[in-house]
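Summary of structural features
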Amino acid sequence: MHIRLIIFSLQLPGCRSLKEKRQRMVGFKDKFGRLSNVAVTESDYHNSHDLAEWNAVIISKDKQTIERITSQIESGLTSMDVVITEVKSEWI
């Protein structure tokens, strides 16, 4: 069994309120939080309207599946009108 933690630091350009931030990010949580081997959560900048930090934990029997899901998550984020400023990743 392989486990990977990925931390995404994000900027939300043009975002003017916490309500707008949550509306933008809900699609990310809905899309990837539904996968049975992925858990996502907002982990920092809860009160900042233009910054966000999200964690994803991916579990699989093989690393190739984790790499594929990681790529899907990164692609999903870039299609959401956010700027990925930093990505940290570690195998647990």
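Every value quoted in this text rests on a predicted model; they were computed, and no experiment measured them.

1. Focus on the overall build of the chain
- A count of helices and strands for the chain gives two helices and four strands.
- N-terminal to C-terminal, the α/β element order of the chain is β-α-β-β-α-β.
- Taken over the C-alpha trace, the chain has a radius of gyration of 13 Å; the compact-globule value for 92 residues is 12 Å, and the two agree within 12%.
- Each of the three principal axes of the chain carries a C-alpha extent, and together these read 40 × 20 × 20 Å.
- Of all 92 residues assigned to the chain, the portion counted as buried reaches 37%.
- Considering only contacts in the chain between residues 6 or more positions apart, those separated by 24 or more positions represent 70%.
- Total accessible area computed for the chain in this model is approximately 5,500 Å², and 49% of it derives from carbon and sulfur atoms.
- Counting 13 positive and 12 negative side-chain charges, the chain places the centres of these two groups 5 Å from one another.

2. With respect to helix H2 (residues 63-78)
- Taking 1.5 Å of rise per residue, the 16 residues of H2 would be expected to cover 22 Å, and the 23 Å separating its terminal C-alpha atoms lies within 8% of that figure.
- Residues of H2 that are buried include every one of Thr 65, Ile 66, Ile 69, Thr 70, Ile 73, Gly 76 and Leu 77, and no others. Take H2 and look down its axis: the buried residues cluster within an arc of 135 degrees, on one side only. Residues of H2 that are exposed and point over 90 degrees away from its buried face: Gln 64 and Thr 78.

Analysis parameters
Residues numbered from 1 in each chain as written. Predicted model: local features only at pLDDT ≥ 70, side-chain atom pairs only at ≥ 80, totals over all residues. Heavy atoms only, no water. Helix = DSSP H or I, 4+ residues; strand = E, 2+ residues; numbered from the N terminus. Rg over C-alpha atoms; globule rule 2.2 N^0.38 Å. Buried < 20%, exposed > 50% of the residue type's maximum accessible area, 1.4 Å probe, protein only. Contact = heavy atoms within 4.5 Å. Areas by Shrake-Rupley, 256 points an atom, 1.4 Å probe, with all protein chains shown as cover. Lys, Arg positive; Asp, Glu negative; His and termini not counted. Charge placed at Lys NZ, Arg CZ, Asp CG, Glu CD. Expected span 1.5 Å × (residues − 1). Arc of directions from axis to C-beta.

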